[in-house]
Amino acid sequence: MTKVLVLYYSSYGHIETVAHAVAEGVCQAGASAVVKRVPELVPEQVARRAGYKFDQSADVATVAELPGYDAIVIGTPTRFGNMAAQMKNFLDQCGGLWFEDRLVGKVGSVFTSTGSQHGGQESTLLTTHTVLLHLGMVVVGLPYSFKGQLRMDAVTGGTPYGASTLADDGSGGDRQPSDNELEGARFQGRHVARVAAALAASSVDRSV
């Protein structure tokens, strides 16, 4: 069975919610989904004062386990148009895997969140793709066959580079992922799982 890791970082729970939607999509495609998170770097006292979500059920991932999956879907909030430091710190520890080509030919994909409609979703997704390409991964996005991307009747996330959500209601209040955004995440999960299964079955020589 194709194994997919949904690897995320979430401060307030929005990315965590989307991560589980991605995992649902993976399972709908007949693959196995594992949801894990990267370690927190913010001191606990500071994080609690900022209202960070501490009751996340996902286990913390290790870099060493990454080669055991056929695909890795990364979820990170946007920080000034780039991935969160917590996720970058984790990926920066993949030097050994890079040197040994351990992730070459595996599927990589990304999803994100921002606090506004134009808060850097696409730049975050694209710059995270750069890391995946350096690791030799096959980058998969969210194709326009997910027609929810074309909606104009509501404010919604969703890009061809990966699923996304908006975490602010426009007045500084909390906004949870919409049904359309979650369906985009499920679609991406299904798409990633199917591409990963096809690659795994093709017997491609990853050393070439």
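This text goes with the structure placed above it.
Now for a look at the structure at hand. This structure is a prediction, so every number in the text was calculated from the model and none was measured. Residue positions are counted from 1 within each chain, in the order its sequence is given. Restriction of local features to residues with pLDDT of at least 70 applies here, the model being predicted, together with a cutoff of 80 or more for giving and counting side-chain atom pairs; totals for whole chains, interfaces and linings are based on all residues. Excluded from the side-chain calculations are hydrogens and water; all other atoms, namely the structure's heavy atoms, are used.

Each helix and strand in the chain was counted, giving six helices and eight strands. Listing every helix and strand of the chain by position from the N terminus yields β-α-β-α-β-β-β-α-α-β-α-β-β-α. We take the radius of gyration over the C-alpha atoms and set the globule estimate at 2.2 Å times the residue count to the 0.38 power. Taken over C-alpha atoms, the radius of gyration comes to 16 Å for the chain, in line with the 17 Å a tight globule of 208 residues would show. Over its C-alpha atoms, taken along the principal directions, the chain stretches across nearly 50 × 40 × 25 Å. Each residue is assigned to one of three classes by its accessible area relative to the maximum for its type, calculated with a 1.4 Å probe on protein chains only: buried under 20%, partly exposed between the two thresholds, exposed over 50%. Put simply, the chain has 208 residues, and 48% of those count as buried. As presented, the chain carries roughly 9800 Å² of accessible surface, and 54% of it is formed by carbon and sulfur atoms. Each charge sign in the chain was given a centre, from 17 positive and 20 negative side chains, and these centres are 3 Å apart. Strands here mean DSSP runs of E at least two residues long; helices mean DSSP runs of H or I at least four residues long; both are numbered from the N terminus. Only the protein chains shown count as covering a residue, and every accessible area follows the Shrake-Rupley method with a 1.4 Å probe. Just so you know, the count uses Lys and Arg for positive and Asp and Glu for negative, and it drops His and the chain ends. Charge positions come from single atoms, namely NZ of Lys, CZ of Arg, CG of Asp or CD of Glu.

The next subject is the side chain of H129. In this structure, H129 sits in helix α5 (residues 121–134). Polar contacts here mean pairs of N or O atoms no more than 3.5 Å apart (in protein, one a potential hydrogen donor and the other a potential acceptor; neighbouring residues in sequence count only if both atoms are side-chain atoms). Within the structure, H129 has its side chain in polar contact with the backbone oxygen of Y161 (distance 3.2 Å). In this structure H129 touches V110, V139 and Y161, once residues within four positions along its chain are discounted. Residue contacts are counted whenever heavy atoms from the two residues lie within 4.5 Å of one another.

Turning our attention to the packing of aromatic side chains. For Phe, Tyr and Trp, where Trp contributes only its six-membered ring, two rings pair if their centres lie within 6.5 Å, and the inter-plane angle classes them as stacked under 30 degrees, edge-to-face over 60, or tilted in between. Here the structure, examined in full by the defined rule, presents two aromatic pairs. Here the aromatic rings of Y12 and Y52 are separated by 5.2 Å at their centres, their planes lie at 75°, and the arrangement is edge-to-face. Placement of the pair is Y12 in the loop between β1 (3–8) and α1 (14–28) and Y52 in the loop between α2 (44–49) and β3 (59–60), with a sequence separation of 40 residues. Owing to a relative accessible area of 43%, Y12 belongs among the partly exposed residues under this scheme. Geometrically, the ring pair formed by F146 and F187 is tilted, given 5.6 Å between the ring centres and 50° between the ring planes. Of this pair, F146 sits in the loop between β7 (138–139) and β8 (164–166) while F187 sits in helix α6 (residues 179–201); the two residues are 41 residues apart in sequence, bridging distant segments of the chain. Residue F146 shares its accessibility class with F187, and that shared class is buried. Here K3 stacks its cationic end above the ring of Y69, 5.1 Å away from the centre of that ring. By definition here, charges over rings are those cases where NZ of Lys or CZ of Arg is within 6 Å of the ring centre and within 35 degrees of the ring normal.

Now for the pairing of strand β2 (residues 32–37). Pairing between strands is defined by DSSP: at least two bridges between them are needed. Taken together, the six bridges between β1 and β2 define a ladder with parallel strand orientation. Within β2, the residue paired with L5 across the bridge is V34. Pairing between β2 and β3: two bridges, direction parallel. From the neighbouring strand, K36 faces β3, where its bridge partner is D59.

Looking at the element boundaries, N180 is found in helix α6. In this structure, N180 is in contact with F146, G148, R151, T156 and G157, ignoring residues within four places of it in sequence.

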